[in-house]
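Listed here are the chains, written in short residue letters.
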Amino acid sequence: MPIRIASLSHQIQKNGARLHLAMARRTFSKGVDLPSDHEQALLDERRLLKEARTKRQAQAKLPKPKATKLMKQAKPPKPPKPPKAAKGPKEAKAAKNNKPSRADKLKKKAETLEADKKAARKSAKT
């Protein structure tokens, strides 16, 4: 089915204007009360346009077909990895123990300050 772009309301309006003009000509000419062939053709065209509009509106309310989702192919499962060798729990701690802790640093600093004070007192006495 081709994609429809234009709506029928504009065509119905144009037809209505032409029909109104044809009816006005007939009444002002004071002719026969029956519609002319041209006027009857416009009435038939208008009826067909309105039917087509109702069909389109009814079809627009129907559910639209949806595209099917493409299924991905299943990948083969990966082989399991071999288990890693277990590390000893003290290996990581041994590397940290080479560096003095903050408490050790403060203790050493306090000791050196105290030793300097004692050294200064001894030299002043002598």
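As the structure is a prediction and not an experimental result, all values here were calculated from the model.

**Re the overall build of the protein chain**
Stage number 1. A count of helices and strands for the protein chain gives four helices and zero strands.
Stage number 2. Starting at the N terminus and walking to the C terminus, you meet the elements of the protein chain as α-α-α-α.
Stage number 3. Taken across its 126 residues, the protein chain has 7% of its residues classed as buried.
Stage number 4. Sequence separation of 24 or more characterises 67% of the internal contacts of the protein chain that already satisfy a separation of 6 or more.
Stage number 5. As displayed, the protein chain offers around 12,900 Å² of accessible surface, 60% of which is attributable to carbon and sulfur atoms.

**Focus: helix H1 (residues 9–28)**
Stage number 1. Between its first and last C-alpha atoms H1 spans 28 Å; for 20 residues at 1.5 Å apiece the expected length is 28 Å, and the two agree.
Stage number 2. For H1, the set of buried residues is Ile12, Asn15, Leu19, Ala22 and Arg26. Buried residues along H1 cover an arc of 90° about the axis, so they all sit on one side. Facing away from the buried side of H1 by more than 90 degrees, the exposed set consists of Gln13, Lys14, His20, Arg25 and Phe28.
Stage number 3. Along its buried surface, H1 packs onto helix H2 (37–61).
Stage number 4. Phi turns positive, to about 55°, at lysine 30, one or two residues after H1.

**Examining the confidence of the model for the protein chain**
Stage number 1. Per-residue pLDDT for the protein chain has a mean of 83; in total, 83% of the residues score no lower than 70.
Stage number 2. Mean pLDDT across the secondary structure elements of the protein chain bottoms out at helix H3 (residues 90–97), with 58, and peaks at H2, with 92.

Basis of the calculations
- Starting from 1, residues in each chain are numbered consecutively following that chain's sequence as written.
- In view of the model being predicted, local features appear only for residues whose pLDDT reaches at least 70, and side-chain atom pairs are presented and counted only at 80 or more, with totals across whole chains, interfaces and linings using the full set of residues.
- To obtain the side-chain values, all non-hydrogen atoms of the structure were used and water was disregarded.
- Note on conventions: DSSP H or I runs of at least 4 residues are helices, E runs of at least 2 residues are strands, and numbering of each starts at the N terminus.
- Exposure categories follow from relative accessible area, calculated using a 1.4 Å probe and restricted to protein chains: below 20% of the type maximum is buried, above 50% is exposed, and the middle band is partly exposed.
- Contacts are residue-level and defined by heavy atoms, with any inter-residue pair within 4.5 Å sufficient.
- For accessible areas, the Shrake-Rupley method is used with a probe of radius 1.4 Å. Any residue's cover is judged against the shown protein chains and nothing else.
- By definition here, a helix of n residues has an expected span of 1.5 Å times n minus one.
- By arc we mean the arc of the directions from the helix axis to the C-beta atoms, nothing more.
- Confidence scores here are pLDDT values: one per residue, from the predictor, ranging 0 to 100.

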